Amino acid sequence: MKLTFLGTGAAGCIKTPENEITGGKRRCSSLLIDEDILIDVPLQCLDFAKKIGVDLSKVTDVLLTHSHGDHFQKSSLFKLAEQTEKKLNFWCHKNAIDNLELLENEKEKINLCLLDDMEKSDNRNAVITSLPANHMAKGDEQPLHYIIERNGKSLFYGCDGGWFMAPTWEYMRKIKLDAVVLDTTVGEDAGNFRIGTHNSFPMLRIINAALLQNGIMDENGIRIGSHIAPSVHELDHEGTAKALAEMGMITAYDGFKIEI
Ligand SMILES: [Zn+2]
Ligand SMILES: [Zn+2]
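Owing to the predicted nature of the structure, the values given are computational and were not obtained by experimental measurement.

Peer 1: Sorry, what's going on with the overall build of the protein chain here?
Peer 2: Counting secondary structure elements, the protein chain contains 7 helices and 14 strands. Taking 18 Å as the expected radius of gyration for a compact globule of 260 residues, we find that the protein chain reaches 17 Å, a close match to that expectation. Overall, the protein chain is about 50 × 40 × 35 Å in size when its C-alpha atoms are taken along their principal axes. Residues counted as buried form 45% of the 260 residues belonging to the protein chain. For the protein chain, the proportion of contacts with a sequence separation of at least 24, taken over those separated by at least 6, is 65%.

In structure tokens, the structure reads:
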């Protein structure tokens, strides 16, 4: 699986267009898997993909983690739907629909694929599993983490979410992952109020130890930090990268590519 990070930030740039993103800022989080699976469609992802020469016309599936504005912009979804060769499959939690505020004619432009909190879906040559994330959205919407399995590799995408919800952790304990992308919203600030919805460095130290100790990943597994809020990191990219490297993690940045 080839991963291309089209954005690695938290909510700081929800309404900042691509042409106003300057050094030190991160675009809202979005990840392209191979050429055809896109996780989240925030404001900047299409323009940034174009800027770095990434073709999104082959995207067939968009997986939505949750409806927060730094993960979903309706304008981005339908601009993407116009660019893709095939009608988009749009995956989201079954109760996210109301929060997306889609008009009837907009619903017809995509194939809506509604997921439960925990659902395994065999989608052609990828298996997609939704798992509940420890995060909060409006109404009954349950934010989701995803496991994507393809060509014998498995990837966990966990932005947004602090720690793991019990059913998610129990599910993960039974499997082996090749790579994880973990919420890294907060830096060293152990007492930050986001503890219930996002990870910080002290939390990630425990999570990393638990992933290894319980055999969910081995030492060769790839652990990546994303959804980074520069305002609560008090470090630039290099500083964050150094801190995460000490936990055996790679720090994603906008445009970062890696093969797993
Ligand atoms: Zn977010
Ligand atoms: Zn969120």
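Peer 1: Teacher, can you tell me more about the pairing of strand 10 (residues 153-158) here?
Peer 2: Within a regular strand, the side chains alternate between the two sheet faces. In this sheet, strand 10 lies alongside strand 9 (residues 144-150) in antiparallel orientation, the contact comprising 5 bridges. Looking at strand 10, one finds that R150 is bridged to K153. Where strand 9 folds back onto strand 10 in an antiparallel hairpin, the turn is made up of 2 residues, including N151, whose phi is positive at roughly 50°. Pairing geometry for strand 10 and strand 11 (residues 179-183), over 4 bridges, is parallel. Along strand 11, the bridge assignment pairs G158 with L182.

Peer 1: Just to check I follow, could you spell out helix 2 (residues 74-83) for this structure?
Peer 2: The α-helix winds at 3.6 residues per turn, so residues separated by three or four positions along the chain end up facing the same way. Taken together, the buried positions of helix 2 are S76, L77 and L80. Viewed along the axis of helix 2, the buried residues span an arc of 100°, placing them on a single side of the element. What points out from helix 2, more than 90 degrees from its buried face, is the exposed set S75 and E82. Against the buried residues of helix 2 lie helix 1 (45-51) and strand 4 (61-63).

Peer 1: Help me understand the nonpolar core, please; the structure alone is not making it clear to me.
Peer 2: Most often, soluble globular proteins have nonpolar side chains that are buried together. L31, V62 and V180 are the most contacted members of the largest nonpolar core, which totals 58 residues. Element by element, the count of residues in this core is highest for helix 6 (residues 201-213), at 5 residues. With residues up to four places along the chain from it excluded, the contact list for L31 reads L3, F5, L6, I39, Y157 and V181.

Peer 1: Sorry if this is basic, but what is going on with unusual backbone geometry here?
Peer 2: Most peptide bonds are trans, and most residues other than glycine sit at a negative phi. A cis amide bond links C159 with the next residue in sequence, D160, at an omega value of 15°. With respect to the secondary-structure elements, D160 resides in the loop between strand 10 and helix 5 (166-172). Notably, E101 is not glycine yet its phi reads approximately 50°, a positive angle. Despite not being glycine, H227 shows a phi value in the positive range, around 55°. Taking the number of C-beta atoms within 10 Å as the measure of exposure, H227 has 28 and is therefore buried.

Peer 1: Explanation requested: the environment of G152 in the structure shown.
Peer 2: With respect to the helices and strands, the residue G152 is situated in the loop between strand 9 and strand 10. Judged by local crowding, G152 falls into the exposed class, with 7 C-beta atoms found within 10 Å. It is 9.4 Å that separates the C-alpha atoms of G152 and M1, two residues lying 151 residues apart in sequence.

Peer 1: How do you make sense of helix 7 (residues 237-245) when you look at a structure like this?
Peer 2: When we look at burial in helix 7, the residues that qualify are T240, A243 and L244. Buried positions in helix 7, seen along its axis, are confined to an arc of 95° and lie on one side of it. Among the exposed residues of helix 7, those oriented more than 90 degrees off its buried face are E238, K242 and A245. Looking at the buried side of helix 7, the elements it contacts are helix 6, strand 12 (222-226) and strand 13 (250-251).

Peer 1: I keep staring at the sheet that holds strand 2 (residues 30-33) and nothing clicks. Help me out?
Peer 2: Neighbouring strands of a sheet are bound in pairs by backbone hydrogen bonds; such pairs are parallel or else antiparallel. Pairing within the open sheet is mixed, and its 7 strands lie in the order 6-5-4-3-2-1-14. Of all strands in the sheet, those with a lone pairing partner are strand 6 (111-115) and strand 14 (257-259), marking the two edges. Neighbour-to-neighbour, the strand axes of the sheet open up by a mean angle of 20°, direction not taken into account.

Peer 1: Explanation requested: the sheet that holds strand 11 in the structure shown.
Peer 2: Taken together, 7 strands build an open sheet; the order of strands is 7-8-9-10-11-12-13 and the sheet is mixed. Since the sheet does not close on itself, it has two edges, and those belong to strand 7 (119-123) and strand 13, each with one partner.

Parameters at a glance
Within any chain, residue numbers begin from 1 and follow the written order of that chain's sequence. Just so you know, chain letters begin at A and ligand numbers begin at 1, following the order they were written in. In keeping with the predicted nature of the model, local features appear solely for residues at pLDDT of at least 70, side-chain atom pairs appear and are counted solely at 80 or more, and the whole-chain, interface and lining totals rest on all residues. The helix count covers DSSP runs of H or I at least four residues long, the strand count covers runs of E at least two residues long, and both are numbered beginning at the N terminus. Here the globule rule reads 2.2 Å times residues to the power 0.38, and the radius of gyration is calculated from C-alpha atoms. Backbone-placed C-beta atoms define the burial measure: a residue is buried with 20 or more other C-beta atoms within 10 Å of its own, exposed with 12 or fewer, and partly exposed in between. For the purpose of contact definition, each residue receives a C-beta atom placed from its backbone, and two residues are in contact when these atoms lie within 7 Å. For two strands to pair, DSSP has to find at least two bridges joining them. Comment: arc refers to directions from the helix axis out to C-beta atoms. Think of a nonpolar core as buried Ala, Val, Leu, Ile, Met, Phe, Trp, Tyr and Cys residues chained together by C-beta atoms that fall within 7 Å. In this description, a line fitted to the C-alpha atoms serves as the axis of each element, helices being fitted only across the stretch in contact, and the angle between N-to-C directions of two axes falls anywhere from 0 to 180 degrees.

Keep in mind these values describe shape, not function.
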